Amino acid sequence: MSLIEVKNLSVKIGNKEILKNINLNVEKGAVTAFVGPSGSGKTTLLRTLNLLQLPTTGSIKVGNTVATAGRINAKVVHDLRKNSAMVFQQFNLFKNLTVLENVANPLIYNHLANKEAAEEKAIEVLKSVGLAGVVNQYPVTLSGGQQQRVSIARAVAVKPKVILLDEPTSALDPELVESVLQTIAGLAKEHITLALVTHEMEFARQIADEAVFIEDGQILSKGPAKELLSGNTSSTRIDSFINSLKRSAIL
Ligand SMILES: Nc1ncnc2c1ncn2[C@@H]1O[C@H](COP(=O)(O)OP(=O)(O)O)[C@@H](O)[C@H]1O
Ligand SMILES: [Mg+2]
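Structure report, in brief. (Residues numbered from 1 in each chain as written. Chains lettered and ligands numbered in written order. Predicted model: local features only at pLDDT ≥ 70, side-chain atom pairs only at ≥ 80, totals over all residues.)

So, about the packing of helix 5 (residues 144-157) against helix 6 (residues 174-189). Between helix 5 and helix 6, the shortest axis-to-axis distance is 8 Å and the interhelical angle comes to 15°. Relative to helix 6, helix 5 is oriented roughly parallel. Along this stretch, helix 5 crosses helix 6, giving a crossing that reads as right-handed. Residue-level contacts link Gly144, Gly145, Gln148, Arg149, Ile152 and Val156 of helix 5 to Leu176, Ser179, Val180, Thr183 and Leu187 of helix 6. Residue composition of the contact of helix 5 with helix 6, by class: five nonpolar, five polar and one charged. (Axes fitted to C-alpha atoms, helices over the stretch in contact; angles between N-to-C directions. Helix = DSSP H or I, 4+ residues; strand = E, 2+ residues; numbered from the N terminus. Parallel < 35°, antiparallel > 145°, perpendicular 65-115°, else oblique. Left-handed = near helix turned anticlockwise from the far one by under 90°. Contact = placed C-beta atoms within 7 Å. Nonpolar A, V, L, I, M, F, W, Y, C, P; charged D, E, K, R; others polar.)

With that out of the way, let us pick up the site of ligand 1. Taken together, the residues surrounding ligand 1 are Ile13, Lys16, Ile18, Ser38, Gly39, Ser40, Gly41, Lys42, Thr43 and Thr44. Broken down by element, the shell around ligand 1 gets its largest block of residues, three residues, from helix 1 (residues 42-49). Across the shell around ligand 1, the residue classes break down as two nonpolar, six polar and two charged. (Near = placed C-beta within 6 Å.)

As a further point, take the sheet that holds strand 6 (residues 84-87). Read from one edge of the open sheet, six strands run 6-7-8-3-9-10, paired in mixed fashion. What marks the edges here is a single partner per strand, and that holds for strand 6 and strand 10 (218-224). Within the sheet, the average angular offset between the axes of one strand and its neighbour, ignoring direction, is 15°. One ladder, built from four bridges, connects strand 3 (residues 31-35) with strand 8 (residues 193-197); its direction is parallel. Bridging across to strand 8, Ala33 finds its partner in Leu196. (Pairing = 2+ DSSP bridges.)

Here it is in structure tokens:
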């Protein structure tokens, strides 16, 4: 079953067509990895799935909510965002709130729980990402890896239908990457639907079910992650991209 359906989506910013006729499905309970060169439109695609960016043509369906270009009002945005949560490259935590408040507050604001229940849920989720010991600290006192795990906990806590992750480890020091990847692998194991933009090819190959290769605002190819990310497909372009990332991981 598809949880996300994208049909004939294009996104123009100013005169520039950033995404061109994108068609894709994200399956429920699966991990879909989005890969491709820098500037190819991956972030724009994820932002559009959450309506942080509006489509110019086409439509997006997340859960039961359909957003059609030109017909998107505040209610559609609100309804669609109830289905998804986004994890950003730069964490986007509230600096003036504690770790606990960062995770609990969205539950309270979205009327998903009262303060007491929200804090209980936040502690449970923070524990599951290995952060039980820092709940009363402020984000600035944490490592980048811990901050990113807080932001993953914040996404998980609201129980969205899908979590959208935009290069969640690319702003981290190399030694902090592993703990975040492990956290994401934990979500995959629980069959939480994930749409993951990443340059971590080995990781994507291990945990992703489907992969989508994006170049120049278009889907160049999509298919089973193990095949598409193998570095040994029928596309020289895709293989050279995948293999160049493998090499840079070794160096
Ligand atoms: N707000 C914006 N205004 C103008 N151009 C943008 C904007 N956001 C993204 N772009 C352009 O869209 C293209 C795709 O960007 P992006 O989605 O960030 O790619 P990726 O995440 O794959 O690196 C790039 O050429 C980028 O410069
Ligand atoms: Mg990006």
